[in-house]
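Chain by chain, the residues run as shown.
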Amino acid sequence: MADDKARKRLAEMRKARVDGMRAQTRRQAALDLLDAEGEVTTATLDARMQTVWVPPDEATLDNLMAQKCQASVAHEERQLRHAQDAQARCADRTQKLRDRVQDAEEAEARAADEVAARQAALDLAIALADAADGDADAAPAGESVQVSPDAANATGG
Amino acid sequence: MAWADSRVFRQFLADVWGNTTAIDLDSGSFKAALYNNTITPDNDVTAANSAYNVSQWATAQEVSESGQWAAGGVALAGLSLNVGTADVVFWDANDTVSGSAADLTNATGTLVYENVVATPVANQGVCYNYFGGPNSVVNGTFTIIWNALGLFRATL
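Residues numbered from 1 in each chain as written. Chains lettered and ligands numbered in written order. Predicted model: local features only at pLDDT ≥ 70, side-chain atom pairs only at ≥ 80, totals over all residues. Heavy atoms only, no water.

Colleague: What is the right way to read the overall build of chain A from this model?
Modeller: Scanning chain A for helices and strands turns up three helices and three strands. Starting at the N terminus and ending at the C terminus, chain A contains elements arranged as α-α-α-β-β-β. Expressed as a percentage of the 157 residues in chain A, the buried residues total 7%. For chain A, the accessible surface area stands at approximately 13,100 Å², while carbon and sulfur atoms represent 55% of it. (Helix = DSSP H or I, 4+ residues; strand = E, 2+ residues; numbered from the N terminus. Buried < 20%, exposed > 50% of the residue type's maximum accessible area, 1.4 Å probe, protein only. Areas by Shrake-Rupley, 256 points an atom, 1.4 Å probe, with all protein chains shown as cover.)

Laid out in structure tokens, this is it:
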């Protein structure tokens, strides 16, 4: 128990010593801002500021501006490439849709031709079936048909 | 009764003889329209009902193909009134021919009508001629070879 108290006391003393050193450092920093009369002056502040920030010269500013502009140009170039890529993707998709429309139109035309051919075949089959029944005369496709109706009679007495 | 023979319209003769209509058989304008086997022609109908696209002669029953044997019929050519035989007078025309690529189905007969005189009845029928049954042609020529006795004849 006595050892614990001793160690705790020793820790408190070390912390107080460190705090005292930090306070001494802050005091010295404050004293550095004072002139001989103990006043804070512009000269001392300027001197202090010079150690913190040195204004860049014009060449440095130009260089910084150039870097900024180059970064901006690079950014805009990236944006342009993205837009161009999007445009290319849209054009590709449009072309695919056009191809699909054309394919559909060609399929429609082929279907219409098929319907016409089937209808012609059906008509011919019907005509041939009628002919087989003896009810009608039908010629094969491409051949001609001639009919010879009787004259209409008006008979006197 | 179904279509079974060729006949001249009674009212046509009456209207011509009575000067009711100005139809002129040797210089008028006539057409032959084709019909299928679903109609029932009657030569005793009124002048109005003998006309093209009226009653039995409606276009629903007509057989046609544009450019080949168009709806409304093909014009007759070479019209003549023949009185060269004793006791007979008949009306004749050149054979009537379709285009060379006709598709016509079940043409069973033809209505011959006048297509210029408008009064008292427009497109008044003259006669109808039966083909003996339905006739069809596919991509070919369809020809009406008029009888040697004409489209219609009167035996006196």
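Colleague: Can you help me understand the interface of chain A and chain B in this one?
Modeller: It is common to give the size of an interface as the accessible area that goes away when the parts come together. On the side of chain B, 32 residues touch chain A, which itself brings 26 residues to the contact. Per-residue buried area on chain A facing chain B is highest for Val147(A), Pro149(A) and Ala152(A); these three make up 28% of the total on that side. Put simply, chain A and chain B have zero salt bridges between them. Counting every contact that joins chain A to chain B gives eight residue pairs in polar contact (both at pLDDT 80 or more). (Contact = heavy atoms within 4.5 Å. Buried area = accessible area lost by both parts, 1.4 Å probe. Salt bridge = Lys/Arg side-chain N within 4 Å of Asp/Glu carboxyl O. Polar contact = N/O pair within 3.5 Å; in protein donor to acceptor, adjacent residues only side chain to side chain.)

Colleague: Got a minute to help me understand the pattern of salt bridges in this structure?
Modeller: Pairs can form between side chains of opposite charge once their charged atoms are near each other. Per the stated rule, a full pass over the model turns up seven salt bridges over all chains. Its salt-bridge partner being Asp4(A), residue Arg7(A) comes within 2.7 Å of it at the nearest N-O pair. With Arg7(A) and Asp4(A) both in helix α1 (residues 2-32) and three residues apart, the pair spans about one turn of that helix. Using a relative accessible area of 54% as the deciding quantity, one classes Arg7(A) as exposed. A residue is classified by how much of its surface remains accessible, and Asp4(A), at 45% relative accessible area, is partly exposed. Of the charged contacts in the structure, one is a salt bridge between Asp5(B) and Arg7(B), with a shortest N-O distance of 3.0 Å.

Colleague: Help me understand the sheet that holds strand β10 (residues 142-144) of chain B, please; the structure alone is not making it clear to me.
Modeller: By definition, the strands of a sheet pair up through backbone hydrogen bonds, in either a parallel or an antiparallel sense. Taken in spatial order, the three strands of this open sheet run β2(A)-β10(B)-β7(B), and their pairing is mixed. Sheet topology places β2 (145-147) of chain A together with β7 (96-97) of chain B at the edges, where each strand pairs with a single neighbour. Sheet topology places β7(B) next to β10(B); two bridges connect them, and they run antiparallel. Within β10(B), the residue paired with Val97(B) across the bridge is Thr143(B). (Pairing = 2+ DSSP bridges.)

Colleague: Any chance you could explain the environment of Thr96(B) here in plain terms?
Modeller: Residues and elements named next belong to chain B. Within the fold, threonine 96 resides in strand β7. Exposure remark for threonine 96: the relative accessible area of 2% places this residue in the buried category. Setting aside residues no more than four positions away along its own chain, threonine 96 makes contact with Trp69, Val74, Ala75, Leu76, Phe142, Thr143, Ile144 and Trp146. For threonine 96, the side chain forms a polar contact with the side chain of tryptophan 146, separated by 3.0 Å.

Colleague: Looking at this structure, I do not really get the packing of aromatic side chains. What am I missing?
Modeller: For any pair of aromatic rings, geometry is given as the distance between the ring centres together with the angle between the planes. All names here are of chain B. The full count for this structure, using the stated rule, is 13 aromatic pairs over all chains. When the ring of tryptophan 3 is compared with that of tryptophan 57, the centres are 5.7 Å apart and the planes differ by 90°; the resulting orientation is edge-to-face. Taken as a pair, tryptophan 3 in the segment before β1 (7-8) and tryptophan 57 in the loop between β2 (30-35) and β3 (62-63) lie far apart in primary sequence, 54 residues in all. Pair check on accessibility: tryptophan 3 and tryptophan 57 agree, each one buried. Measuring from ring centre to ring centre gives 5.9 Å for tryptophan 69 and phenylalanine 142, while their planes differ by 90°; the resulting arrangement is edge-to-face. Highlighted residues: tryptophan 69 in the loop between β3 and β4 (74-75) and phenylalanine 142 in strand β10, separated in sequence by 73 residues. Overall, tryptophan 69 belongs to the buried group, its relative accessible area being 0%. Assessed through its relative accessible area of 0%, phenylalanine 142 is described here as buried. Here the aromatic residues Trp3, Phe9, Tyr35, Trp57, Tyr128 and Tyr130 are joined through ring pairs into a cluster of three or more. (Phe/Tyr/Trp six-rings, centres within 6.5 Å; stacked < 30°, edge-to-face > 60°.)

Colleague: Is there a simple way to explain the confidence of the model for chain A in this structure?
Modeller: It should be kept in mind that the predicted coordinates are not to be read in detail where pLDDT is low. Of the residues in chain A, 78% have a pLDDT of 70 or more, and the chain-wide mean is 81. Element-level pLDDT for chain A is lowest in strand β1 (residues 137-138) of chain A, with a mean of 58, against a maximum mean of 88 in helix α3 (residues 58-132) of chain A. (pLDDT = per-residue confidence, 0-100.)

Colleague: Help me understand a negative patch on the surface, please; the structure alone is not making it clear to me.
Modeller: A surface patch of like charges, here negative, comprises Asp99(A), Asp103(A), Glu105(A), Glu106(A) and Glu108(A). Inspection of the secondary structure puts Glu105(A) in helix α3. (Patch = residues over 30% accessible without salt bridge, like charges linked within 9 Å, V, L, I, M, F, W, Y side chains within 5 Å. Lys, Arg positive; Asp, Glu negative; His and termini not counted. Charge placed at Lys NZ, Arg CZ, Asp CG, Glu CD.)

Colleague: Got a minute to help me understand the side chain of Asn129(B) in this structure?
Modeller: Within the secondary structure layout, Asn129(B) lies in strand β9 (residues 125-140). Owing to a relative accessible area of 0%, Asn129(B) belongs among the buried residues under this scheme. Within polar-contact distance, the side chain of Asn129(B) engages the backbone oxygen of Asp150(A) at 3.1 Å. Separated by 3.1 Å, the side chain of Asn129(B) and the backbone oxygen of Leu151(B) make a polar contact. For Asn129(B), the contacting residues outside a window of four places in its chain are Pro149(A), Asp150(A), Ala151(A), Ala152(A), Trp3(B), Ser6(B), Gly109(B), Thr110(B), Val112(B), Trp146(B) and Leu151(B).

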